[in-house]
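The residues making up each chain are set out below.
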Amino acid sequence: MLVALIGAALAVDAGLHLAGVVWIGRYLGIPGVLLILASSAYSLRKRKFISSGKPVTLLRLHERLAWAGLLLVLVHAGIHFNAVLAWLTVAAMLINVASGLTGKYLMGPSRKRLAANRARLLEAGLSDGALEEETYWDSLTYDLVKSWRVVHLPITLAFCVLALAHIVSTFLFWGWH
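Residue numbers restart at each chain and count upward from 1, following the sequence in its written direction. Two thresholds apply to this predicted model, a pLDDT of at least 70 for residue-level local features and 80 or more for giving and counting side-chain atom pairs, whereas whole-chain, interface and lining totals are computed over all residues. Only hydrogens and water are set aside when side-chain values are computed; all heavy atoms of the structure are taken into account.

Chemist: Can you walk me through the nonpolar core in this structure?
Modeler: Within soluble globular proteins, side chains that are nonpolar tend to cluster in buried spots. Buried Ala, Val, Leu, Ile, Met, Phe, Trp, Tyr and Cys residues that are joined via side-chain atoms within 4.5 Å together make up what is termed a nonpolar core. Here the term buried applies to any residue with accessible area under 20% of the maximum for its type, exposed to any over 50%, and partly exposed to those in between, with areas from a 1.4 Å probe on protein chains only. By size, the foremost hydrophobic cluster in this structure holds 18 residues, and its most contacted members are Leu5, Leu70, Leu74, Val75, Met93 and Phe159. Helix and strand labels come from DSSP, where a helix needs a run of H or I of at least four residues and a strand needs a run of E of at least two; each type is numbered from the N terminus. Breaking this core down by element, the ones donating at least two residues are α1 (2-19), α5 (55-77), α6 (84-123) and α9 (149-173). Residues Met107, Leu114, Val145 and Trp148 belong to the second largest nonpolar core, which totals 5 residues.

This is the structure:
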């Protein structure tokens, strides 16, 4: 997914160059950031800051909006970075995406394996105590994978701080005509 994201950004950037409209990329950061901000509804729902929306639906929306926003931001950055802050922001963004994808691809299979194992053991007629004993290591693994979020949140916050610094510096130093 990460390779697809970078490949898509390179393709769109190349298309802008071929069409002679590279200047459009300069402005794609704005809708990109708005899409990324919209994708945070899932996190807000999960942390009970908002009460509307189904978490599963919001998670899928989070993934799609964040991917589209990140695509636009990568095209905005292009393959030509002009400042250290831009490099750091893009690096933090890509690390954040890699972290999110890691969680996605670890959490799903881990949760499914635990649920399938529990269902199989319940079907076999195990008591609650025996069930807990039999699924102890799977539960421990799942709990360990769930703690991935402890890593993902600070990465997300670092990206947000760097992105905000980039936006503020753009307002300060961009020659608005």
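Chemist: Got a minute to help me understand a positive patch on the surface in this structure?
Modeler: Taken together, the side chains of Lys46, Arg47, Arg111, Lys112, Lys146 and Arg149 make up a positively charged region of the molecular surface. Note that Arg111 resides in helix α6. Patch membership needs two things, relative accessible area over 30% and no salt bridge, and members are linked within 9 Å if like-charged or within 5 Å if nonpolar (Val, Leu, Ile, Met, Phe, Trp, Tyr). Areas reported as accessible are Shrake-Rupley estimates using a 1.4 Å probe. Residue values count occlusion only from the protein chains shown. Take a side-chain nitrogen of Lys or Arg and a carboxyl oxygen of Asp or Glu: if they are within 4 Å of each other, that pair is a salt bridge. Positive residues here are Lys and Arg, negative ones are Asp and Glu, while His and the chain termini are left out of the count. Taken as the charge location is NZ of Lys, CZ of Arg, CG of Asp or CD of Glu.

Chemist: How should the pattern of salt bridges be read in this particular structure?
Modeler: Where side chains of opposite charge bring their charged atoms close, a pairing between them can arise. Applying the stated criterion across every chain, the model contains 2 salt bridges. Of the charged contacts, one joins Arg60 and Glu63 as a salt bridge, the two residues approaching to 3.4 Å between their closest N and O atoms. Taken together, the positions of Arg60 and Glu63, both in helix α5 and 3 residues apart, correspond to about one turn of that helix. For Arg60, a relative accessible area of 36% corresponds to the partly exposed category. Residue Glu132 is joined to Arg118 by a salt bridge in which the shortest nitrogen-to-oxygen separation is 3.4 Å. Here the residue Glu132 occupies a position in helix α7 (residues 128-134), and Arg118 occupies one in helix α6, the gap between them amounting to 14 residues. The exposure class assigned to Arg118 is partly exposed, which follows from its relative accessible area of 26%.

Chemist: For this particular structure, what's the right way to read the side chain of Asn117?
Modeler: Within the secondary structure, Asn117 sits in helix α6. Filtering out sequence-adjacent residues up to four positions away, Asn117 remains in contact with Glu134, Thr135 and Asp138. Between two residues, a contact is recorded if the distance between any of their heavy atoms is within 4.5 Å.

Chemist: Mind showing me how you'd approach the side chain of Ser99 here?
Modeler: Mapped onto the elements of the fold, Ser99 is located in helix α6. For Ser99, a relative accessible area of 7% gives the class buried. Discounting residues that sit within four places of it in the chain, Ser99 has contacts with Trp148, His152 and Ile155.

Chemist: Teacher, can you tell me more about α6 here?
Modeler: The periodicity of an α-helix, 3.6 residues per turn, causes residues three or four positions apart to be oriented the same way. In a helix, the anticipated span is given by 1.5 Å times the number of residues less one. An ideal rise of 1.5 Å per residue puts 58 Å on 40 residues; α6 measures up with 58 Å between its terminal C-alpha atoms. Where α6 ends, the next residue or the one after it, Gly125, has phi of about 90 degrees, a positive value.

Chemist: Looking at this model, I keep getting lost on the confidence of the model for the protein chain. Mind explaining?
Modeler: The predicted coordinates of low-pLDDT regions are not to be read in fine detail. A residue-level look at the protein chain finds 96% of positions with pLDDT of 70 or above and a mean pLDDT of 85. For the protein chain, helix α8 (residues 136-146) is the element with the lowest average pLDDT, namely 76, and helix α3 (residues 29-39) is the one with the highest, namely 92. Every residue gets a pLDDT, meaning the predictor's confidence in that residue, from 0 to 100.

Chemist: Any chance you could explain α5 here in plain terms?
Modeler: Taking 1.5 Å per residue as the helical rise, α5 with its 23 residues ought to reach 33 Å, and the 31 Å between its terminal C-alpha atoms agrees with that figure. Within the span of α5, buried status applies to Leu58, Leu65, Ala66, Gly69, Leu70, Leu71, Val73, Leu74, Val75 and Ala77. Contacts made by the buried residues of α5 are with α1, α2 (23-27), α3, α4 (41-46) and α6. Positioned one or two residues after α5, Gly78 has a phi angle of 65 degrees, which is positive.

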